Amino acid sequence: MAHLTDRRIVLGVSGSISAYKSAEVVRELLATGADVRVIMTASAAEFIGPMTFSALTGNSVAMDQFSGYAGPGEAHIDLAMWAEVLAVVPATANIIGKAANGLADDMLSTTLLACEAPRCFAPAMNFRMMRHPAVLSNLETLKSHGCFIIESAFGPLANGEVGEGRLADTGHIIQAISALADPRRDLEGKRILVSAGPTVEPIDPVRYLTNRSSGKMGYAVASMAAQRGADVTLIAGPNRLESPRNMRIVPIITAEEMCNAVIGHAENQDAVIMAAAVADYRPKSVADQKIKKGADSLVLEMERTTDILTALGDHRPQALVGFAVETNNGLEYAGNKLREKNLDMIVFNDVTAEGAGFDGETNIVTLLHRDGRHQELPLMLKSEVADCILDEIASILRASDTGTS
Ligand code: CTP
């Protein structure tokens, strides 16, 4: 779980329609124990009132450099020095452009220019603005200044169009801010392979079989591992998630491709985490032409795919972790899989529980260990679940490094 007890976070809110979502970000940050101060631009105040943020944080909201500040020095310098992380959520094309070019004409832009703490920006705008070369080059400039960009998501935009430019999910924003505030590097030098997402098994040129995995849990594990310093290889089934930039990504489609990719990259890995929902069966043959309808029923003959975790055999890393998505008798099934697949740990996930499952930002899991321990975790963001899984992996790897396992 992200613990930001007493960490000092300044949240800059600029004028996007998604400004209301930053209230949720503030709440989540406060829930992790952080001390949060908010700066709003004048246009942000057209979308959400400062009162919302002052009520949530218990601190007055900084909006104007020239009035309303009772501190000892200048408001923007004091806040810039107070901040341990400055996060701009949402970040409009305007504030991105000003920050990239060193322009400073209001409270947020002057604070950004004066701030030497880690800074991050969560862009939110219409896809037409998002893909404009000026915006893209300003984002690159910010990165070259050491700022972290919390990639926007693809999805419905304010005007009903669908495209790139939607503010990242709150969970991703919290994860990024936590990583900047708490740069834990306990997996430095470790090689970790993560599989994520579904597999897709073709039936004919227009049809396929797949499952409901969104890939979010596996991506969260891969991202947190990379943030903690690991050299990460992500074997990714088809999904709609943004590709993280700080790792090697191997896209695959079928269970067979996933198997080849995992086995092919397993050599020299310290840990393999199979979060992917791999098909257990695939159509025995794939029709060359579209199958035309005929009789009242159609039987599709299926054959077993290779069990990747079991097949890892000779390439077994120091830490081998599986996932068990179940709907009934979960603990028992998960325990059986732990033993049968010779795992160090299995992450049991009852997808029928409220707040758990495929597409959401949260999960409820139990970690089952080789030595019989069970760790029931409460409802958490997937990034927090990922951190707990990685804590266990870090401890398995430490034990094997020191020969205490
Ligand atoms: N897994 C695998 N290879 C497969 C199928 C699953 O390595 N062909 C891995 C999954 O990535 C997961 C674990 O095995 O980490 C458990 O997957 P799950 O589908 O829950 O279990 P199965 O062993 O396939 O058993 P069942 O579908 O009968 O529950």
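Everything quoted here is computed from the prediction, not taken from an experiment. Chains are numbered independently. Their residues run from 1 in the order of the written sequence. A pLDDT threshold of at least 70 governs which residues receive local features in this predicted model, and a stricter bar of 80 or more applies before side-chain atom pairs are shown or counted, although totals over entire chains, interfaces and linings include all residues. Excluding hydrogens and water, the side-chain values take into account all heavy atoms of the structure.

**Student:** How do you make sense of the environment of Asp64 when you look at a structure like this?
**Tutor:** Note on conventions: DSSP H or I runs of at least 4 residues are helices, E runs of at least 2 residues are strands, and numbering of each starts at the N terminus. Counting through the fold element by element, Asp64 comes out in the loop between helix H3 (50–57) and helix H4 (75–82). Here the alpha-carbon distance between Asp64 and His76, two residues 12 residues apart in the chain, equals 9.2 Å. In protein, a polar contact requires one atom able to donate a hydrogen and another able to accept it; more generally it is a pair of N or O atoms within 3.5 Å, and residues adjacent in sequence count only if both atoms are side-chain atoms. Within the structure, Asp64 has its side chain in polar contact with the backbone nitrogen of Phe66 (distance 2.8 Å). For Asp64, the side chain forms a polar contact with the side chain of Ser67, separated by 3.0 Å.

**Student:** Just checking my understanding: could you explain the packing of aromatic side chains for this structure?
**Tutor:** Two aromatic rings, taken as a pair, are described by how far apart their centres are and by the angle between their planes. Working definition: a ring pair exists when centres of Phe, Tyr or Trp rings (six-membered ring for Trp) sit within 6.5 Å. Plane angles under 30 degrees give stacked, over 60 give edge-to-face, the rest tilted. One pass over the full model with this rule turns up zero aromatic pairs. We call a charge positioned above a ring when the Lys NZ or Arg CZ atom is no farther than 6 Å from the ring centre and deviates by at most 35 degrees from the ring normal. Positioned above the aromatic ring of Trp82, the side-chain terminus of Arg37 is 4.3 Å from the ring centre. Against the face of Tyr281 rests Arg304, its NZ or CZ located 5.8 Å from the ring centre.

**Student:** Help me understand the sheet that holds strand S5 (residues 148–149) in this model?
**Tutor:** Only when DSSP finds a minimum of two bridges between them are two strands counted as paired. Judged by pairing direction, the sheet is parallel, and its five strands sit side by side in the order S2-S1-S3-S4-S5 without closing on themselves. Where the open sheet ends on each side, the last strands, each with one partner, are strand S2 (35–40) and S5. Two elements, strand S1 (residues 8–13) and strand S3 (residues 85–91), share four bridges in a ladder whose sense is parallel. Residue pairing for S3: Leu11 is matched across the bridge by Ala87. The strands touched by H4 within the sheet are S1 and S2, with S2 carrying the most contacts at an inclination of about 140°. Its contacts with the sheet put helix H5 (residues 93–101) on S3 and strand S4 (119–123), and the angle it makes with S3 is roughly 140°. Working rule for contacts: check all heavy atoms of both residues, and any pair within 4.5 Å makes them a contact. Helix axes are fitted to C-alpha atoms over the stretch in contact, other axes to C-alpha atoms as well, and angles between N-to-C directions run from 0 to 180 degrees.

**Student:** What am I meant to see in the packing of helix H10 (residues 216–227) against helix H14 (residues 382–401) here?
**Tutor:** Helix-helix packing is described using two parameters, namely the angle between the two axes and the distance between the axes. The interhelical angle for the contact between H10 and H14, taken along N-to-C directions, is 60°, at an axis separation of 8 Å. One element, H10, and the other, H14, form an angle in the oblique class. By crossing handedness, the relation of H10 to H14 is classed as right-handed. Along the contact surface, H10 presents Lys216, Met217, Ala220, Val221, Met224 and Ala225, while H14 presents Lys382, Ser383, Val385, Ala386, Asp387, Ile389 and Leu390. Grouping the constituent residues of the contact of H10 with H14 by class yields nine nonpolar, one polar and three charged. Note that the term roughly parallel is reserved for angles under 35 degrees, roughly antiparallel for angles over 145, roughly perpendicular for angles of 65 to 115, and oblique for everything else. Less than a right angle of anticlockwise turn of the near helix away from the far helix marks a crossing as left-handed, whereas a clockwise turn marks it as right-handed. Basically, the charged four are Asp, Glu, Lys and Arg, the nonpolar ten are Ala, Val, Leu, Ile, Met, Phe, Trp, Tyr, Cys and Pro, and anything else, Gly included, counts as polar.

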